Amino acid sequence: MTISLTTPAMLFPAVSLLLLAYTNRFVTLASLIRNFDPEHSTEGTQQQIANLRKRIYLIRRMQEAGVISFCLCVVSMMALYWKYDTAGGYIFAASLACLLYSLFLSVREINISCDALDVHLQNFKKADNKKK
């Protein structure tokens, strides 16, 4: 199978939007982390911090994989432009693999985010039980 120069080019908007979404996640988490007060640390807060630490690490890896995917896409286009069709195809496949890895990390990060919300909801449940 041969691919044309436009095939990797179709990935540009998708990867760009993904990187923007990852950056927004990172900014939101950074804001949350900066709002934690070390003076008022509880067990729930420590669990939240552990979740945030995992999520920040995953988002960094997601962004790295996305950027590598983007770069490989550009290199693939250059190879195809210079008529190295076989090499361009393999590089494009590597670009897709990096993108798939980035998406896999995104799903893991979402699962950790859900776990963090569960911890937060448990704190509300504990507060309700204390009121009764």
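Let us look at the structure shown here. Computed from a predicted structure; not experimentally measured. (Residues numbered from 1 in each chain as written. Predicted model: local features only at pLDDT ≥ 70, side-chain atom pairs only at ≥ 80, totals over all residues. Heavy atoms only, no water.)

**Observations regarding the overall build of the protein chain**
Let me state the cut-off plainly: In DSSP terms, a helix is any run of H or I states spanning at least four residues, a strand is any run of E spanning at least two, and both are numbered starting from the N terminus. Put simply, the radius of gyration uses C-alpha atoms, and a globule should come to 2.2 Å times the residue count raised to 0.38.
The helix and strand inventory of the protein chain stands at 4 helices and 0 strands. Element order for the protein chain, N to C, with α for helix and β for strand: α-α-α-α. In terms of C-alpha radius of gyration, the protein chain reaches 21 Å, well past the compact-globule figure of 14 Å for 132 residues. Once the C-alpha set of the protein chain is aligned to its principal axes, its extents read approximately 75 × 25 × 20 Å.

**Re the nonpolar core**
Selection rule: Note on terminology: a nonpolar core comprises buried Ala, Val, Leu, Ile, Met, Phe, Trp, Tyr and Cys residues joined through side-chain atoms within 4.5 Å. Partly exposed describes any residue whose relative accessible area lies between the buried limit of under 20% and the exposed limit of over 50%, with all areas from a 1.4 Å probe on protein chains only and scaled to the type maximum. Contact criterion: two residues are considered in contact whenever any of their non-hydrogen atoms come within 4.5 Å of each other.
Ranked by internal contacts, the top residues of the largest apolar core, which has 17 residues, are Leu11, Val15, Tyr22, Met62, Phe92 and Leu99. Of all the secondary structure elements, the ones that give two or more residues to this core are helix 2 (11-35), helix 3 (43-81) and helix 4 (85-131). Once residues lying within four places of it in the same chain are set aside, the contact partners of Met62 are Tyr22, Arg25, Ser102, Leu105, Ser106 and Glu109.

**Focus: the pattern of salt bridges**
Here the idea is simple: oppositely charged side chains can pair when their charged atoms come close. Defined as follows: By definition here, a salt bridge exists when the distance from a side-chain nitrogen of Lys or Arg to a carboxyl oxygen of Asp or Glu is within 4 Å.
Taken as a whole and assessed by the stated rule, the structure comprises 3 salt bridges. Residue Glu109 pairs with Arg25 through a salt bridge whose shortest N-O separation is 3.0 Å. Pair noted here: Glu109 is in helix 4 and Arg25 is in helix 2, with a separation of 84 residues, a long-range link. Accessibility expressed as a relative area gives 2% for Glu109, which makes it buried. Take Arg25: its relative accessible area is 24%, and that puts it in the partly exposed class. One network of salt bridges, in which partners are shared, links Arg25, Arg55 and Glu109.

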